[in-house]
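Remarks on the overall topology
Listed here are the chains, written in short residue letters.
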Amino acid sequence: MREDIIRFLKGDIKDIEKELISKRDAASENLEFEQAKKYHELLLSLSHVVAKQQVDFDHTKDIDAFGYYCDKGYIAIQGLFIRNGKLLDRAFRLEPMYDDALEMFTSFMMQYYLEHPAPNLLLLPQEVDMELIQESVPFKVHQPVKGAYKKFLDMTVANAKQQLEQKFVVESEHLLKE
């Protein structure tokens with residue numbers, strides 16, 4: 001079971017796909033069309049989920065990207081993690097700004113890798129002091145200006161912005177209900 005889950009998370013769905021196709025075809029042959037339709041929809045969903053996991057990066061590298069966004073006295077810090085070429089996990093922190101945003105972000109980065117595994121490559125926004133970070137971590141740090149890494153970093157910052165804006169939407173809705 002554990003191995004099946006690991007294979008699924010890595011995008012290996014061949015066995016699951018074969019089983020669903022077999023069940024779909026058997027249900028169809030037995031004139032159980034509603035059940036066949038359910039298996040067909042599961043196949044489509046499975047393909048969709050695996051397709052969304054695919055990211056066009058070197059499949060041998062573990063890549064982390066961190067970005068931040070500030071608004072209304074808060075800082076949102078977002079991390080996205082690619083493992084084996086797939087977007088596998090994320091980290092998010094939302095805090096009131098008690099200091100300069102860049103200093104808060106840099107401090108977060110320094111603390112984060114004291115407790116988490118090191119990637120092969122860390123992507124950071126241009127405004128971050130790369131020398132300070134590079135001196136503190138035992139892996140490569142890059143500040144992309146174009147290409148796939150830049151798009152991935154931009155997506156990280158966009159996610160931070162979206163999470164921060166969502167916080168205020170939820171709070172507004174809560175206040176309106178009261």
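These numbers come from a predicted model, not from an experiment.

Criteria and cut-off values
Residues numbered from 1 in each chain as written. Predicted model: local features only at pLDDT ≥ 70, side-chain atom pairs only at ≥ 80, totals over all residues. Heavy atoms only, no water. Helix = DSSP H or I, 4+ residues; strand = E, 2+ residues; numbered from the N terminus. Buried < 20%, exposed > 50% of the residue type's maximum accessible area, 1.4 Å probe, protein only. Contact = heavy atoms within 4.5 Å. Areas by Shrake-Rupley, 256 points an atom, 1.4 Å probe, with all protein chains shown as cover. Core = buried A, V, L, I, M, F, W, Y, C linked by side-chain atoms within 4.5 Å. Expected span 1.5 Å × (residues − 1). Polar contact = N/O pair within 3.5 Å; in protein donor to acceptor, adjacent residues only side chain to side chain. Phe/Tyr/Trp six-rings, centres within 6.5 Å; stacked < 30°, edge-to-face > 60°. Pairing = 2+ DSSP bridges.

What follows concerns the overall build of the protein chain. Regarding its fold elements, the protein chain presents six helices and five strands. Secondary structure elements in the protein chain, listed N-terminal to C-terminal, are α-α-α-β-β-β-α-β-α-β-α. Of all 178 residues assigned to the protein chain, the portion counted as buried reaches 31%. Sequence separation of 24 or more characterises 52% of the internal contacts of the protein chain that already satisfy a separation of 6 or more. Here the protein chain displays about 11600 Å² of accessible surface, and carbon together with sulfur accounts for 53% of that area.

Of all hydrophobic cores here, the largest spans 20 residues; its most connected members are Phe66, Phe105, Met109, Leu122, Leu124 and Ile133. For this core, the secondary structure elements donating two or more residues are strand S1 (63-71), strand S2 (74-83) and helix H4 (101-115). Ile63, Ala65, Phe152 and Leu153 belong to the second largest nonpolar core, which has eight residues in total.

The next thing to look at is H4. With 15 residues, H4 should reach 21 Å at 1.5 Å per residue; the first-to-last C-alpha distance of 22 Å fits that figure. Turning to H4, its buried residues number three or more, namely Ala101, Met104, Phe105, Thr106, Phe108, Met109, Tyr112 and Tyr113. Lining the buried residues of H4 we find S1, S2, strand S3 (86-96), strand S4 (121-123) and helix H5 (130-136). Between a side-chain oxygen at the N-terminus of H4 and the backbone nitrogen of Leu102 the separation is 3.2 Å; the capping residue is Asp100.

Let's shift gears to the packing of aromatic side chains. Counted by the stated rule, this structure contains nine aromatic pairs. Between the aromatic rings of Phe66 and Phe108, the centroid separation amounts to 5.8 Å while the plane-to-plane angle is 65°, which identifies the pairing as edge-to-face. Of this pair, Phe66 sits in strand S1 while Phe108 sits in helix H4; the two residues are 42 residues apart in sequence, bridging distant segments of the chain. Among the residues examined, Phe66 registers a relative accessible area of 0% and is labelled buried.

Taken together, the nine bridges between S1 and S2 define a ladder with antiparallel strand orientation. Within S2, the residue paired with Ile63 across the bridge is Ile82.

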